[in-house]
Amino acid sequence: MSIEIKRLFDFPYYQLETYNLEKAFTSKYKNRWQSTSTKEYIEKANKISRGLLKLGVQPNDKIAIISSTNRTEWNICDIGVLQTGAQNVPIYPTICKEDYEYVINHSEAIYCFVSDQEVLDKINKIKGNTKIKEVFTFDEIAGEKSWEEILKLGEDTSNQQELDDRKKAVLPEDLATLIYTSGTTGKPKGVMLSHKNIVSNVLASKERVPLEYGKDKGLSFLPVCHIFERMILYLYQYCGVSVYFAESLEKLSENAQEIKPNVMTAVPRLYEKIYDKIILKGETLSGIKKGLFFWAVNLGLQYKPDGENGWLYEKKLGIARKLIFSKWQAALGGELKLMVSGSAALQPRLTKVFTAAGMPIMEGYGLTETSPVVTVNDQRNNGFKVGTVGKVIKDVEVKIAENGEILVKGPNVMMGYYKDSEKTAQVLKDGYFYTGDKGEIDNDGFLKITGRTKEMFKTSGGKYVVPPLLEGDLKQSLFIEQVMVVGEGEKMPAAIIQPNFDFIRDWIDKKELKIGKSNTEIANSEIVKDRIQKEVTKCNTHFGKWEQIKRFELTDDVWSIDGGHLTPTMKMKREIIKEIYKDLYSKIYE
């Protein structure tokens, strides 16, 4: 009898019945890939469940999981927790210990799984201020309790009937997880997602992903504590995709060459970094090789789906793929059929050039509160349009409010914010979730994001400015790594820019310029500022006079998650960035 998937822990049992993979999950330990079969995955998850029951875990208890990298243990513990009727509270590993304390206390988590020494050290500093009873580690750490202890505890099957009863008692509408949004402002909010929210999203999203069920391999490296990657991992389980966990972003290309994935997911910033590295490599070429390289890149930038450019273009593209783009493919394993992008706006040039290179990026749109997918592009059946986030998925409804705000209704919309009925009431009205994003739906049903209501601002002249539109345009420049447009209540828009230091150092060498190459020397160089001014001037031609960047300042440090500039999903923390660079801001508006 076929298993009906209604709860998140139904996915592994469905996979066992349908595909029974030898390599359901594969992680690298001490330079060796180690695989876990579907059967072993379920057996270990059941041991975790039985062990947690012996520890006294009750339905609706909260259990935190914090891992520096994606790994098999996370998924085993996830299912193990959910089967008891308790809830999984995933926490970003990169947040500060104060935020750890806030999330653990707000969720009232009583147990915590951590990956390694670094995360453990943060937890130990605040554990005494929380209700955490025990912390269990995935890595073997001397003197610390290991997750293996719970597995050992669960080897005793005498409480299996109790576990079976707990599983039966879990309803699709029940809370499955609390996901604390990384938040670009203020304290994180605990988004309550039910089993039904996420299951419905998986089953609707699978229609847009052309995978070979039971055979394909996926590479996972986005934080699984983010609902985007977590939903994708459930989707992989449903489709019988063998999941390989990358060791780190730095080793992404190396890992891809080892495992040859067919699909992977990323946020736009990561695709930008991959693209920038490729272009930098192209800059080092000379003669005919360099000419061919940039001929192929320029051809890719003209890409249109479904052969719209005509047969001659497609013929040239075939040559470019053979001579140049095949090397791009090889750098990521050579077998990629599909890359998916979400979480923030993807520059159209990246969609075009990677798709032209035979590694199509399908951009989608969603939020933690919508589990997350609302729309996504699909190369098949005229479902792909560059510059849009695709068409609305099955059973979800999108409408555009009078002010342009995107409203979403469907089984994927969250239950609400944990312990915050006031904020819940602000965003859930008449069955619709008010996203805070602005958009428009074209005649073919494609959604285009046009801005974010909270990020829009008025200048002192009363004119509206939409920073993400300007920022997206500016970041197409290889000279600019990060940029934040400012100017709320001021007489004009301006920008705080982090230069692309690596690219500029190569540019200095190539031009044989007499400029120091430290970050500070680059940021203070009038020659560099003049060159970036050309990029700003070029961007300004695409916008109205009131929107144009009149001044900018360069930062001499790299914006990062650890530095507090970016959220774990690489979104800018605007208020914090403004505070960090308040001297530059003052200099602009003196």
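For the structure given in this document, a descriptive report is provided here. (Residues numbered from 1 in each chain as written. Predicted model: local features only at pLDDT ≥ 70, side-chain atom pairs only at ≥ 80, totals over all residues. Heavy atoms only, no water.)

### Some thoughts on the sheet that holds strand β26 (residues 551–554)
What counts is decided by this rule: In this description, strands pair whenever DSSP reports at least two bridges between them. Helical segments are the DSSP runs of H or I of at least four residues, strand segments are the runs of E of at least two, and each set is numbered from the N terminus. A fitted line through C-alpha atoms serves as each axis, taken over the contacting stretch for helices, and the angle formed by two N-to-C directions is quoted from 0 to 180°.
Pairing is mixed in the open sheet, where three strands are placed in the order β24-β25-β26. With partners counted over all chains shown, the strands left at the sheet margins are β24 (480–486) and β26, one partner each. Geometrically, the sheet is characterised by an average inter-axis angle of 25 degrees between neighbouring strands, direction not taken into account. The pairing of β24 with strand β25 (residues 494–499) spans six bridges and is classified as antiparallel. When the sheet's bridge partners are listed, valine 483 is paired in β25 with isoleucine 497.

### Overview of the side chain of asparagine 159
Rules: Buried means the residue's accessible area, taken with a 1.4 Å probe over protein chains only, is under 20% of the maximum for its type, while exposed means over 50%, and partly exposed covers the values in between.
Along the chain, the position of asparagine 159 falls in the loop between α6 (147–153) and α7 (160–169). The buried category is assigned to asparagine 159, whose relative accessible area is 9%.

### Remarks on the sheet that holds strand β13 (residues 361–366)
Let me state the cut-off plainly: We call two residues contacting when some pair of their heavy atoms lies within 4.5 Å.
Ordered by their spatial adjacency, nine strands build an open sheet running β2-β1-β10-β9-β11-β12-β13-β14-β15, and the pairing between neighbours is mixed. Whereas interior strands pair on both sides, the edge strands pair on one side only; in this sheet they are β2 (32–36) and β15 (391–392). Pairing analysis gives four bridges linking strand β9 (residues 217–220) to strand β10 (residues 242–245), with the strands arranged parallel. Among the inter-strand pairings, glycine 218 is bridged to a residue of β10, identified as valine 243. Running at roughly 135 degrees to strand β1 (residues 25–29), helix α3 (residues 72–82) makes contact with β1, β2 and β10 of the sheet. Helix α9 (residues 227–239) rests against β1, β9, β10, β11 (263–266), β12 (338–341) and β14 (373–376) of the sheet, and its axis sits at about 165 degrees to β11.

### Re unusual backbone geometry
Cis geometry marks the peptide bond from serine 371 to proline 372; its omega dihedral reads -5 degrees. Even without being glycine, aspartate 306 reaches a positive phi, approximately 55 degrees. With respect to the helices and strands, the residue aspartate 306 is situated in the loop between α12 (287–300) and α13 (311–331). Among the residues examined, aspartate 306 registers a relative accessible area of 51% and is labelled exposed. Here glutamate 512, not a glycine, exhibits a phi torsion of approximately 55 degrees, which is positive. For glutamate 512, the location among the structural elements is in the loop between α17 (501–511) and α18 (519–524).

### Here we look at the environment of leucine 554
Along the polypeptide, leucine 554 turns up in strand β26. For leucine 554, a relative accessible area of 7% puts it in the buried group. Taking C-alpha positions, leucine 554 is 8.9 Å from isoleucine 522, a pair spaced 32 residues apart along the chain. The contacts of leucine 554, once residues within four sequence positions are left out, are Ile497, Pro499, Ile522, Ala523, Val528, Lys529, Ile532 and Leu584.

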